[in-house]
Amino acid sequence: MTGAHQPNPLRTLLVLARASNLPTVWSNCLAGWLLGGGGEPFRFFWLCVGATLLYTGGMFLNDAFDADFDRQHRRQRPIPSGAVKAREVWLSGFIFLGFGAVTLAWMGKITAILTILLVLCILIYDLIHKLIFLSPVLMACCRLLLYLVAASISINGISGLAVWSAIALAAYIVGLSYLARKETSRGPLRNWPVFFLFTPICLALLVNDANQQQTAFIISLALAVWILWCLRHTFWKPQRNIGVTVSRLLAGIALVDWLAVGAGTQSISLVFVALFFAALVFQKFIPAT
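What counts and what doesn't
- Residues numbered from 1 in each chain as written.
- Predicted model: local features only at pLDDT ≥ 70, side-chain atom pairs only at ≥ 80, totals over all residues.
- Heavy atoms only, no water.
- Helix = DSSP H or I, 4+ residues; strand = E, 2+ residues; numbered from the N terminus.
- Rg over C-alpha atoms; globule rule 2.2 N^0.38 Å.
- Buried < 20%, exposed > 50% of the residue type's maximum accessible area, 1.4 Å probe, protein only.
- Areas by Shrake-Rupley, 256 points an atom, 1.4 Å probe, with all protein chains shown as cover.
- Expected span 1.5 Å × (residues − 1).
- Axes fitted to C-alpha atoms, helices over the stretch in contact; angles between N-to-C directions.
- Parallel < 35°, antiparallel > 145°, perpendicular 65-115°, else oblique.
- Left-handed = near helix turned anticlockwise from the far one by under 90°.
- Contact = heavy atoms within 4.5 Å.
- Salt bridge = Lys/Arg side-chain N within 4 Å of Asp/Glu carboxyl O.
- Core = buried A, V, L, I, M, F, W, Y, C linked by side-chain atoms within 4.5 Å.
- Nonpolar A, V, L, I, M, F, W, Y, C, P; charged D, E, K, R; others polar.
- 1 Å grid on protein atoms, 1.4 Å probe; cavity = no way out; pocket = protein on both sides within 12 Å on 5 of 7 lines; lining within 4 Å.
- Points joined across faces, edges and corners; volume = space filled by probe spheres on them.
- Polar contact = N/O pair within 3.5 Å; in protein donor to acceptor, adjacent residues only side chain to side chain.

Colleague: It is not clear to me how the overall build of the protein chain should be interpreted in this structure. Could you clarify?
Modeller: Secondary structure assignment for the protein chain yields 14 helices and zero strands. From first element to last, N terminus to C terminus, the protein chain shows the α and β order α-α-α-α-α-α-α-α-α-α-α-α-α-α. Its C-alpha atoms give the protein chain a radius of gyration of 19 Å, within 12% of the compact-globule value 19 Å for 289 residues. Within the protein chain, the proportion of its 289 residues that are buried is 52%. Per element, the accessible surface of the protein chain, about 14100 Å² overall, is 68% carbon and sulfur.

Set out below in structure tokens:
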């Protein structure tokens, strides 16, 4: 009977990695790469591998740094629950981070510099995100830098649109991360950070010309409806559920990426939509936060 209570090693790995969010990492890679003009599929493949390793390493180290906090507030997490030893999480996190950095750095000088900045940003976030109010900005910088890393390996490199799209995504992450910080607290919620979630929509409606405005409007409408549907779990229900709001908004990153790229081809649009639904499906099995 005791064997029934032993943790599943694969599930422990996936929970530590918050693997349900990986489709949004891949959608970031695809959007940044396309905004830079696309290029060789081989390089894009290694971009996704490197980004996956960096994200996984960052999430492992996030749990390692947060072990004391989780023992008090989130005892179901792998370290406080005894599913894995803290030492193993520390070691694995740095290994994933190291291999991820090496995987990306060989693709060019600019890519290497941006990768180093991304790794530093991940480490700083993991170290101090429970200590400072501005930690959502650090999380946003991680996604912004991933966009720029992806664009840097493409044919045309980092375009102005890629930079602005990265900033818009970062604003979305700020709004999302503010809510995530409140998930374990019972204090009042401010409304104004939530407006950052709509920044990608504002950018899309400003930059798209007449030929693309209809498509931008349709995708913007879909994203706006999704954001409002997510927020209702926190602001418009008798019993607020910030966890559901944050998880669903995380899946919505794929929609933000789709909006950044615009119409593209039908197959590209289907990829972003598929990644969005993949994130939602994965959340049924692996917690996103």
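Colleague: What should I look at first to understand helix α8 (residues 135-152) in this one?
Modeller: Each turn of an α-helix holds 3.6 residues, which means side chains three or four residues apart point in the same direction. The end-to-end C-alpha distance of α8 is 26 Å, a good match for the 26 Å that 18 residues give at a rise of 1.5 Å each. Within α8, 16 of the 18 residues are buried, which leaves the element mostly enclosed by the surrounding structure.

Colleague: Please clarify how the packing of helix α2 (residues 22-35) against helix α3 (residues 41-65) should be interpreted in this entry.
Modeller: When two helices pack together, their arrangement is given by the angle between the helix axes and the distance between those axes. Relative orientation of the contacting elements α2 and α3 amounts to 140°, with a least axis distance of 10 Å. In terms of axis orientation, α2 runs oblique to α3. Handedness of the crossing formed by α2 with α3: right-handed. For the pair formed by α2 and α3, the contact residues are Leu22, Val25, Trp26, Cys29, Leu30 and Trp33 on the first element and Pro41, Phe44, Leu47, Cys48, Ala51, Thr52 and Tyr55 on the second.

Colleague: Is there a simple way to think about the pattern of salt bridges in this case?
Modeller: A side chain of one charge can pair with a side chain of the opposite charge when the charged atoms of the two come close. What the rule picks out here adds up to three salt bridges. Between Asp63 and Arg18 there is a salt bridge, with its nearest N and O atoms 3.0 Å apart. Of this pair, Asp63 sits in helix α3 while Arg18 sits in the loop between α1 (9-17) and α2, and the two are 45 residues apart along the sequence. Each member of the pair, Asp63 as well as Arg18, is classed as buried. The shortest N-O distance in the salt bridge between Arg71 and Asp68 comes to 2.7 Å. Residue Arg71 and its partner Asp68 are both found in helix α4 (residues 67-73); the two are separated by three residues, about one turn of the helix. One continuous salt-bridge network, built from bridges that share partners, spans Arg18, Asp63 and Arg77.

Colleague: Even after reading the chapter, I still don't get the nonpolar core, so can you show me in this structure?
Modeller: For soluble globular proteins, the rule of thumb is that nonpolar side chains tend to be buried together. Within the largest apolar cluster, 79 residues are counted, with the highest numbers of intra-cluster contacts made by Leu47, Tyr172, Leu179, Leu197 and Leu249. Here this core takes twelve residues from α8, the largest share from any one element. With near-sequence residues (within four places) excluded, Leu179 lies in contact with Leu189, Val194, Leu231, Phe235, Ile242, Thr245, Val246 and Leu249. By size, the runner-up hydrophobic cluster in this structure holds eight residues, among which are Leu16, Ala64, Ala67 and Ile79.

Colleague: What should I look at first to understand the packing of α2 against α8 in this one?
Modeller: Where α2 meets α8, the axes come as close as 7 Å, and the angle between the chain directions of the two elements is 50°. As the angle between them shows, α2 and α8 are arranged oblique. The two elements α2 and α8 meet at a crossing, and its hand is right-handed. The residues of α8 that touch α2, namely those facing Thr24, Val25, Asn28, Cys29, Ala31, Gly32, Trp33 and Leu35, are Arg143, Leu146, Tyr147, Ala150 and Ala151. The residue inventory of the contact of α2 with α8, partitioned by class, reads nine nonpolar, three polar and one charged.

Colleague: Is there a simple way to think about the layout of surface pockets in this case?
Modeller: Empty space among the atoms can be located by rolling a probe the size of a water molecule over them. The space that makes up the largest pocket amounts to roughly 600 Å³. Looking at the largest pocket, it is lined by 28 residues, and the ones nearest its centre are Tyr125, His129, Lys130, Met139 and Ala180. Those elements that place two or more of their residues in the lining of the largest pocket are α3, α4, α8, α9 (160-181) and α12 (242-251). In terms of residue count, α9 provides more of the lining of the largest pocket than any other element does, five residues in total.

Colleague: Would you take a moment to explain the side chain of Gln283 for this structure?
Modeller: Relative to the helices and strands, Gln283 is located in helix α14 (residues 266-283). Gln283 sits in the buried class, given a relative accessible area of 13%. From its side chain, Gln283 meets the backbone oxygen of Ser247 in a polar contact 2.6 Å long. Sequence-distant contacts of Gln283, that is, excluding residues within four places in its chain, are made with Ser20, Ser247, Arg248, Ala251 and Ala288.

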